[in-house]
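Breakdown of the fold
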Amino acid sequence: MAAAGQGMLLLVALCLFASVAGVDRNNFKTCEQSSFCRRLRSLEPQTSEFEVLPQSLQQFKQYITLTLVHQRTRHEYVLKLACLKGAGSFHMQVDEREPLSVRYRVQEALVQEPQYGSTKVESTSGTLIMVACGEAPDVKAAVQVAPFKVDFFQQGRLVVTANGKGMMRFEHLRRKPEPKTEQQLQDEAAADRGEQKEDGGEQQAEPVAPADDDPGAWEENFKSHHDSKPKGPEGLALDFTFPQAKVLFGVPEHADSFALRHTATKGTDPYRLYNLDVFEYELNNGMALYGSVPVVYGHGETATAGVFWLNAAETWVDVFSANRDTDVVSSLVNLVSWNSQTEPPAANFISESGIMDVFVLLGPGPIDVFRQYTDLTGKGPLPQLYAIAYHQCRWNYNDERDVEMVSAKFDEYDIPMDTMWLDIEYTDGKRYFTWDHHKFPHPVEMIRNLTGLGRHLTIIIDPHIKRDGGYFFHNECTDKGLYVKNKDGGDYEGWCWPGSASYVDFFSPDARRYYADQYLLTNFREQAETVGIWNDMNEPSVFNGPEVTMLKDNLHHGGLEHRDVHNLYGHMQLIATFDGLLRRGEGRLRPFILTRSHFAGSQRYAAVWTGDNMAEWGHLQASIKMCLSLAVAGISFCGADVGGFFGNPDGELFSRWYQTGAFQPFFRSHAHIDTKRREPWLFPEDVRLVIRDAIRKRYRLLPFWYTAFYEHERRGLPIMRPLLAHYPADVNAFAIDHQYLLGDQLLVAPVLDQKQQRTRDVYFPVRADGQGDWWYDWDTQQKHTGTGVEAIPVDSYKVPVFQRGGTIIPTKERIRRASTLMRHDPYTLTVALDREGRAKGTLYIDDEESYEYRHGHYLYLEFEFRDGVLSSRKIDMTASYKTDTWLERVVIAGLGKQPTAATLYTDASGAASGRLHLERDGDVVTVRKPGVSMRDAWSIRLDF
């Protein structure tokens, strides 16, 4: 009892500290405090100590191998280089030829093992080996022998260079040296002086690896924590230069600008990739946060390329910016002036362990390189429709009555809401897969009542397991050996919300299976197949661990050291959770999971939110920057806690955050247990009405969102996109991260500054031909034809959103209490014409919850307007779905002249089905109640 009491006191102290002090930088390492980063970091170009042995070249049908040697240590490494099948990209690996033990290669991040195409050696000499891809002859790699580097070419342009700055490091595994004898020290001193041995020979010093003199190479301390480092130094580093680029972006997750800042300066840390629980995180720096996706992109007017560094160990990324004297941040008043470059931007990846496992993505454009990345790591699957609607959460809703009351209040105030969330207090003493029956005596009935209203419930389940002899989960994990082990082989014990806790070893297939089994209705009976799951604290968070996480010398299944796989831990939990939910729904229902920790490929299993943010305007702005960075790294299903997790937002910040969140892929309000209750009706009426309006905007656009998510699964492109994705030649748009695109259809520029009541500056980008697109105000259909910055009038309700000319967007205008009740409601199409008087758009329809769409049960429609005719056709002719939905209205903006009539045609023979009612307002025309089924082929002809 005493120990338990001390544990609770510790937790209380931690919670109080978190609520008043913000992030304590002293709890987290700098590069200088991380021995491998300190050893391997280079701030200036060097002559590489690695060279290729050209005579070692071996050619296979789909790859080549070469031997690399370190000139000083003479240690040998194997380079493997292969063309990826059909991708216009390369896979490059470097590993020791004969390591003392097998070095870890990341598993589970890729959607499948890399598929190689024909890889040919075009020419070879004593200094250069030229490699070409048979399926993409304009994609080539040139391997320079000495000093070693690899140049990658796309369409004759050099777009990426590996080791161009000579910063490659690769610490080979070695045995720990014995302490030197007095004689050895004297011999070394004599060798340094160039003296002769007593027998007349010259003293020869043994080759010394750079790590041998570093005090942190073989063991390391941070604060009170000790890392035994049983394998010694094993770090690696490699730099990548982007000769065609002006800006680098990627390597989430960081609370920083979308465009990466220059970090390669003494006194400035690199961007850090090391999954950590950081509450009240600071803005505008590269500190590690909850997730790590080690992909970086370089973009310029003529080319885009990427580098995916597949390594799950702690990693630092130094950025060498082309514009070192200018912070690469968005400014709509003073757009970045790009100076002529003296040297192109570069990124240097520095990892603690593993191998060099690199994918070089050669574009040539932004859309190409985004697709190349998700071809490797997978596309986010289509979620159930309710998951992209609005979610209501806080730590914690107190009991069943509280849940019922909050749900009823949304109806009372006519505010749509799809999902109620429960944080850790619903459990029996922080024991997951249980309920506190004093607060929630009838959980199944509570879930059933929500379902009856068309709503859902999501509950939290974390990876730490309470060490309690009366808890079945702990006993089973102990008996079956399913916990992470400490370095001595015992079950690792740390502190988290339950007090003393151990952690499921998700790298063990048996542990994953047992954990997944707990989600089944036969085990966790007091739930339903419709319940969503929230995996939090899965970095993993350990309150009394080094940097609030797990010891690096802990052990996982198969003898894996935690240092090798740290950034994968949360990802492995997602695999198990997804498996459990999939089997719980008998393979029919699409699981919904939200995760805090993530890695490359996590998009295949879960949505991500940006963690423990604060009720401040800067954190509202950061939500866009962070979700943009995640989106280009494959994780489109992203959002932030609306209103900020910590603190109490005032009405203006709260309403503006709702307006922003309504136009981000994941839309949830969430708050800390110590904050004031902040349901919309607790604010003054003027604030509540603005929030209601923002949420209703989201529900109106659900058909657009649902189609975007389907197309994301189909094509792998981000849903939320930076302007450079579709305006790659507009240099002024490269660094803009306070506005963004949804697909290529909507431009979103929320109000992000306090008391910005009159105007919001919006940048309208420039196309490659020097012209701008037409943009139509989403609320008024007012047309904007210029480029550059324009001051857009705003009031408290206004969210500046613009539809691109040339697009057609589907909506539903009948807003109900939950999205599930809108399934059979009719559609409206908003047609925004381009300069040529044309437009295209798509709509996806299915049952909104099951996997039947993967068996052909769906409709995927294309709409086109040209020459005065709007038509609908199936894109996938073999697919079908019996929907009751129909077309209620068509709004056409940008017509140069007024039509006199509209005629509907539904018959394959082209016979007219009837005249339609027209309403005219300037150059906007509304066609009322065509009444045609969305299943049918049809057209509407305008007469002038």
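What you see is a predicted model, and the numbers here were worked out from it, not measured in a lab.

Thresholds, definitions, all that
- Residues numbered from 1 in each chain as written.
- Predicted model: local features only at pLDDT ≥ 70, side-chain atom pairs only at ≥ 80, totals over all residues.
- Heavy atoms only, no water.
- Pairing = 2+ DSSP bridges.
- Helix = DSSP H or I, 4+ residues; strand = E, 2+ residues; numbered from the N terminus.
- Axes fitted to C-alpha atoms, helices over the stretch in contact; angles between N-to-C directions.
- Phe/Tyr/Trp six-rings, centres within 6.5 Å; stacked < 30°, edge-to-face > 60°.
- Buried < 20%, exposed > 50% of the residue type's maximum accessible area, 1.4 Å probe, protein only.
- Lys NZ or Arg CZ within 6 Å of the ring centre and 35° of its normal.
- UniProt positions renumbered as here; feature names shortened; annotations may be inferred.
- Parallel < 35°, antiparallel > 145°, perpendicular 65-115°, else oblique.
- Left-handed = near helix turned anticlockwise from the far one by under 90°.
- Contact = heavy atoms within 4.5 Å.
- Nonpolar A, V, L, I, M, F, W, Y, C, P; charged D, E, K, R; others polar.
- Disulfide = S-S within 2.5 Å.
- Arc of directions from axis to C-beta.

**As for the sheet that holds strand β24 (residues 464-466)**
- Judged by pairing direction, the sheet is antiparallel, and its three strands sit side by side in the order β24-β26-β25 without closing on themselves. Pairing within the sheet leaves two strands with one partner each, and these edge strands are β24 and β25 (494-496). Sheet twist, expressed as the mean angle between neighbouring strand axes with direction ignored, is 60°.
- Here three bridges tie β24 to strand β26 (residues 499-503), and the two strands are oriented antiparallel to one another. By the bridge assignment for β26, I465 is matched with S502.

**Re the packing of aromatic side chains**
- Throughout the structure, instances matching the rule amount to 59 aromatic pairs.
- Here F60 and Y63 contribute two aromatic rings whose centre-to-centre distance is 4.6 Å and whose plane-to-plane angle is 25°, an arrangement assigned as stacked.
- Exposure remark for Y63: the relative accessible area of 26% places this residue in the partly exposed category.
- Look at F433 and F473: their rings are 5.7 Å apart centre to centre, the planes differ by 5°, and that puts the pair in the stacked class. Highlighted residues: F433 in the loop between β22 (419-422) and α6 (443-452) and F473 in helix α7 (residues 472-480), separated in sequence by 40 residues.
- Owing to a relative accessible area of 6%, F433 belongs among the buried residues under this scheme.
- By way of ring pairs, the aromatic residues F433, Y471, F472, F473, F506, Y514, Y515, Y519, F524 and Y569 are connected into one cluster.
- When the ring centre of Y274 is taken as origin, the NZ or CZ atom of K552, which lies over that ring, is 5.1 Å away.

**What to know about the UniProt feature "domain: Glycosyl hydrolase family 31 C-terminal" (unreviewed entry) in the protein**
- The UniProt feature table records "domain: Glycosyl hydrolase family 31 C-terminal" (unreviewed entry) at residues 716-809.
- Along residues 716-809, the helical share is 0% and the strand share 34%, with 20 Å between the first and last C-alpha atoms.

**Details of the packing of helix α8 (residues 509-517) against helix α10 (residues 569-584)**
- The geometry of α8 relative to α10 is characterised by a closest axis approach of 8 Å and an angle of 45° between their N-to-C directions. Overall, the two elements α8 and α10 adopt an arrangement that is oblique. Relative to α10, the crossing made by α8 is right-handed. Here R512, R513, Y515, A516 and D517 of α8 come into contact with α10, specifically with M572, Q573, I575, A576, T577, D579, G580 and R583.
- For the contact of α8 with α10, a count of residues per class yields five nonpolar, three polar and five charged.

**Overview of the state of the cysteines**
- Here the structure, examined in full by the defined rule, presents three disulfides.
- Disulfide pairing places C627 opposite C638 at an S-S distance of 2.1 Å. Measuring the twist about the S-S bond at about -75°, one finds the C627-C638 disulfide to be left-handed. Of this pair, C627 sits in helix α11 (residues 617-632) while C638 sits in strand β30 (residues 638-639), and the two are 11 residues apart along the sequence. Take C627 and C638: they sit in the same class, and that class is buried.

**Things to note about α6**
- All buried positions along α6 are accounted for by P443, M446, I447 and L450. Down the axis, α6 shows its buried residues gathered within 95° of arc, on one side only. Those residues of α6 that are exposed and aimed more than 90 degrees away from the buried face are R448 and G452.
- Its buried side turned inward, α6 meets α5 (400-412), β22 and β23 (456-460).
- Positive backbone phi, at 85°, marks G454, one or two positions downstream of α6.

**Remarks on the side chain of H456**
- Tracing the backbone shows H456 in strand β23.
- Apart from residues lying up to four places away in sequence, H456 is in contact with Q384, Y386, D418, T419, M420, L450, T530 and T820.

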